[in-house]
Amino acid sequence: EKLSADELNRLRRAAEEPCGVRIVDRDITPERVWAMAEAVKRSSGLDLLIVDYDQLVYEAGIKAESDDDSIFRQQRNFIFAAKRLAQRLDVCFVLLSQLRKVSPKIEAGQTPRLDDIWGDSSIRNTPHLILWLRRLFFPKMDKRDERKARVYVLKSRSGRTPAIDLEFD
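It should be emphasised that the depicted structure is a prediction, and the values quoted were computed from it without experimental measurement. (Residues numbered from 1 in each chain as written. Predicted model: local features only at pLDDT ≥ 70, side-chain atom pairs only at ≥ 80, totals over all residues. Heavy atoms only, no water.)

To continue, consider the overall build of the protein. Looking only at helices and strands, the protein features six helices and five strands. Mapped from its N terminus to its C terminus, the protein presents α and β elements in the order α-α-β-α-α-β-α-α-β-β-β. Looking at the protein residue by residue over its 169 residues, the buried ones come to 29%. Sequence-distant contacts in the protein: of pairs separated by 6 or more residues, those separated by 24 or more amount to 52%. Per element, the accessible surface of the protein, about 12,300 Å² overall, is 50% carbon and sulfur. (Helix = DSSP H or I, 4+ residues; strand = E, 2+ residues; numbered from the N terminus. Buried < 20%, exposed > 50% of the residue type's maximum accessible area, 1.4 Å probe, protein only. Contact = heavy atoms within 4.5 Å. Areas by Shrake-Rupley, 256 points an atom, 1.4 Å probe, with all protein chains shown as cover.)

To continue, consider the sheet that holds strand E4 (residues 148-156). Strand order in this open sheet of three strands is E3-E4-E5, and the pairing throughout is antiparallel. Of all the strands in the sheet, the pair left with one neighbour each is strand E3 (129-135) and strand E5 (164-167). Neighbouring strand axes in the sheet, compared pairwise and without regard to direction, differ in orientation by 30° on average. Relative to E4, E3 is paired through seven bridges, and the arrangement is antiparallel. Pairing of Arg135 across the sheet is with Ala149, part of E4. (Pairing = 2+ DSSP bridges. Axes fitted to C-alpha atoms, helices over the stretch in contact; angles between N-to-C directions.)

With that out of the way, let us pick up the nonpolar core. Ranked by internal contacts, the top residues of the largest apolar core, which has 15 residues, are Trp34, Ala37, Leu49, Leu85 and Phe93. If you tally residues by element for this core, the top one is helix H4 (residues 68-89), at six residues. Contact partners of Phe93, with chain neighbours within four places excluded, come to Trp34, Leu49, Val51, Ala82, Leu85 and Ala86. Residues Ile106, Ile117, Ile130 and Trp132 belong to the second largest nonpolar core, which totals eight residues. (Core = buried A, V, L, I, M, F, W, Y, C linked by side-chain atoms within 4.5 Å.)

Any functional reading would require information that these geometric values do not contain.
Written as C-alpha cells, this is what we have:
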C-alpha cells in the first residue's frame, strides 16, 4: 500500500523473472558456505545468500562439551566473516537465527528487544537490519492464530519501523 504504481509494476516484473536457487543442506560449515558463495558468484552470479540457520553452521565444528565462551567466539567469527563476504562479493547476506530460549515477557506478547537475542554481541551490533519474526500461534496453540505472524524491526540503519503483521498463505 506504500508503493507507487510504477514501483509495484517493477516489483511484479522482477518477481516473474526466472532465477536460480541452490539449496545446500549437508556438510555445512562456514568454510564451505564461503567457498560455494565465491564459486557461484564467479560462475553464474550471486545477489542473495541466505543461511538458515546460523547455529547449524558455526556449531558444525564445535565439540559438544564446549563452553558458552567458545560458542560465542565461533558465532562472533561467523558474523564478522559473513559481513566481510557480503561486502567483498557485493551481495545481500541474510542470516536466519533461531533463539535458544525465549523469555516469559516475549511469550506474554511484549515487544522483543535487541538484548533478547542470545549470543555474542556481534550478532546484535554488526547487521544493518535485524528482524524478529514471531508466530502468534505459539505458545498458546490457538488455531485462530495459526497463520498469523508479527515482524518486529529491532534494528534498521534506515530509521525506525513499527511492527508489521503478516499472515502465512
